[in-house]
Amino acid sequence: MKTFFVSDLDGTLITRNERLSEYSLAVLNGLIEKGLPFTYATARSLFSAERAVCGLKHTLPVIVYNGALIIEPTTGRVLHSLVFTEAEKIALVGELERFGVSPVVHARENGEDKIFWREGWESAGQARYLSRRISDPRLNPVHSDGELCRGDSYFFACNGDYSDMKRIHDELERTTSFYCRIYPEAYREDYWLEILPRGATKAEAVVRLKELAGFERVVCFGDSANDSEMFDVCDEKYAVENAGEWLKGKATGIVGYCEEDGVAKWLAENAFREP
């Protein structure tokens, strides 16, 4: 049966220094050269994901922005996208402003990836995020709420105290159909709130990629909350050793720690076995 393999990145395939190890890179490229259909599904942008897996050979499209985009990484051609409508963007920006929050907005404008934010309105976490990407060609500071709505938007990122992010999250969950999730920034006390169009999940994107590429089965790897729905739609699902116990409970099996190349080692032993 035609099976493809898909892995989360952070906490699963890449190490805490946000890079694919030399060992994993060599193993994966060797398997891909032998015909392994392998790709990744991540909440990262394509720009950020490709820096993390630099050197990985691609034969399949990748899933980015938590499922909002399926894209060919070598050409940048978008195969599938979920975007906010104009009315949704305007309403969402207004709702966030009511809470005293201004988002970082990821969008495509004239065929190019863009990151919009209101200059001078950044939270501490947003400022850190932007400072780490100071040479990123996608960065486009703007000066009004209207400009935040430029292009086709598919990802809003807010940052602040947990209580503030939770209030916004709960209000959006109550009044909209958007996909929202909160998570802490590593080694910090502040939290991120991500807001995506309805249906923008790894699960939906994996199913769509399966159809687009003509596969019959999917095997996935993950470690965290935004992998849970992906586990639900895959034929086999493996949690890394560092995953939460609740995700391990949904898994077909457990592979090694992400810091110890657990996914690559499992694939090296099992990728070409019959299901």
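Residues numbered from 1 in each chain as written. Predicted model: local features only at pLDDT ≥ 70, side-chain atom pairs only at ≥ 80, totals over all residues. Heavy atoms only, no water.

Participant: Sorry, what's going on with the pattern of salt bridges here?
Facilitator: Side-chain pairs of opposite charge can arise where the charged atoms are in close proximity. Summed over all chains, the structure comprises 26 salt bridges. The salt bridge partner of Asp 8 is Lys 202, with a shortest N-O separation of 2.9 Å. Note that Asp 8 is positioned in the loop between β1 (3–7) and α1 (22–33) and Lys 202 in helix α6 (residues 202–213), a separation of 194 residues in sequence. With relative accessibility at 4%, the residue Asp 8 sits in the buried group. Here Lys 202 falls in the buried class, since its relative accessible area comes to 1%. (Salt bridge = Lys/Arg side-chain N within 4 Å of Asp/Glu carboxyl O. Helix = DSSP H or I, 4+ residues; strand = E, 2+ residues; numbered from the N terminus. Buried < 20%, exposed > 50% of the residue type's maximum accessible area, 1.4 Å probe, protein only.)

Participant: I would appreciate a short explanation of helix α4 (residues 124–131) in the present structure.
Facilitator: In an α-helix, one turn spans 3.6 residues; hence positions three or four apart end up facing the same way. Buried residues of α4: Gly 125, Gln 126, Arg 128, Tyr 129 and Leu 130, and no others. On its buried side, α4 packs onto β6 (104–109), β7 (112–118), β8 (139–142), β9 (152–160) and β11 (191–196). (Contact = heavy atoms within 4.5 Å.)

Participant: Just checking my understanding: could you explain the packing of helix α3 (residues 86–98) against helix α5 (residues 162–175) for this structure?
Facilitator: Between two packed helices, what matters for the description is the angle formed by their axes and the separation of those axes. Taken N-terminus to C-terminus, the directions of α3 and α5 make an angle of 140°; their axes are 11 Å apart at the nearest point. As judged from the angle between their axes, α3 and α5 are oblique. Read as a crossing pair, α3 and α5 show a hand that is right-handed. Only Ile 168, Glu 171 and Leu 172 of α5 make contact with α3, whose side of the interface consists of Leu 92, Glu 95, Leu 96 and Arg 98. Partitioning the contact of α3 with α5 into residue classes produces 4 nonpolar, no polar and 3 charged. (Axes fitted to C-alpha atoms, helices over the stretch in contact; angles between N-to-C directions. Parallel < 35°, antiparallel > 145°, perpendicular 65-115°, else oblique. Left-handed = near helix turned anticlockwise from the far one by under 90°. Nonpolar A, V, L, I, M, F, W, Y, C, P; charged D, E, K, R; others polar.)

Participant: Looking at this model, I keep getting lost on the state of the cysteines. Mind explaining?
Facilitator: Two cysteines, two sulfur atoms, one covalent bond between them: this is a disulfide. Using the criterion set out here, one finds 0 disulfides in the structure. Summary of cysteine pairing: Cys 180 is not part of a disulfide, and the nearest cysteine sulfur, belonging to Cys 158, is at 9.3 Å. (Disulfide = S-S within 2.5 Å.)

Participant: Is there a simple way to explain the nonpolar core in this structure?
Facilitator: In globular proteins that are soluble, nonpolar side chains generally tend to be buried together. Phe 38, Phe 221 and Leu 267 are the most contacted members of the largest nonpolar core, which totals 65 residues. In contact with Phe 38, not counting residues within four places along its chain, are Phe 5, Ser 7, Leu 13, Leu 28, Ile 32, Leu 56, Leu 60 and Leu 267. Counting 20 residues, the second largest nonpolar core, distinct from the first, contains Val 101, Leu 148, Phe 178 and Leu 193. (Core = buried A, V, L, I, M, F, W, Y, C linked by side-chain atoms within 4.5 Å.)

Participant: Where do I start with the packing of α1 against helix α9 (residues 262–270) in this structure?
Facilitator: Viewed as axis vectors pointing N to C, α1 and α9 meet at an angle of 30°, and their least axial separation amounts to 9 Å. Considering the angle they form, α1 stands roughly parallel to α9. Crossing angle aside, the handedness with which α1 passes α9 is left-handed. Across from Tyr 23, Ser 24, Val 27, Leu 28 and Leu 31 in α1, the residues of α9 making contact are Ala 264, Lys 265, Leu 267 and Ala 268. Looking at the contact of α1 with α9 residue by residue, the classes come out as 7 nonpolar, 1 polar and 1 charged.

Participant: Help me understand the pairing of strand β12 (residues 217–222), please; the structure alone is not making it clear to me.
Facilitator: Two faces belong to every sheet, and in a regular strand the side chains alternate between them. In terms of residue burial, β12 counts as a mostly covered element, since 6 of its 6 residues are buried. On β12, burial covers both faces: Arg 217, Val 219 and Phe 221 on one face and Val 218, Cys 220 and Gly 222 on the other are all buried. In this structure, β1 lies alongside β12, joined through 5 bridges in parallel fashion. In the strand pairing of β12, Ser 7 is matched with Phe 221. Pairing between β12 and strand β13 (residues 236–240): 4 bridges, direction parallel. Along β13, the bridge assignment pairs Gly 222 with Ala 239. With respect to chirality, the unit in which β12 leads through helix α7 (residues 228–233) into the neighbouring parallel β13 is right-handed. (Pairing = 2+ DSSP bridges. Right-handed = clockwise from strand over helix to strand, strands pointing away.)

Participant: I tried to follow the sheet that holds strand β5 (residues 78–81) on my own but got confused; where do I start?
Facilitator: Note on sheets: strands pair through backbone hydrogen bonds, and any given pair is parallel or antiparallel. Sheet architecture is open: 3 strands sit in the order β3-β4-β5, paired in antiparallel fashion. The open sheet has two edge strands with one neighbour each: β3 (62–64) and β5. With strand direction ignored, the average angle separating the axes of adjacent strands in the sheet is 20°. Across the sheet, α6 lies against β3, β4 (69–71) and β5, angled at about 35° from β4, the strand it touches most.

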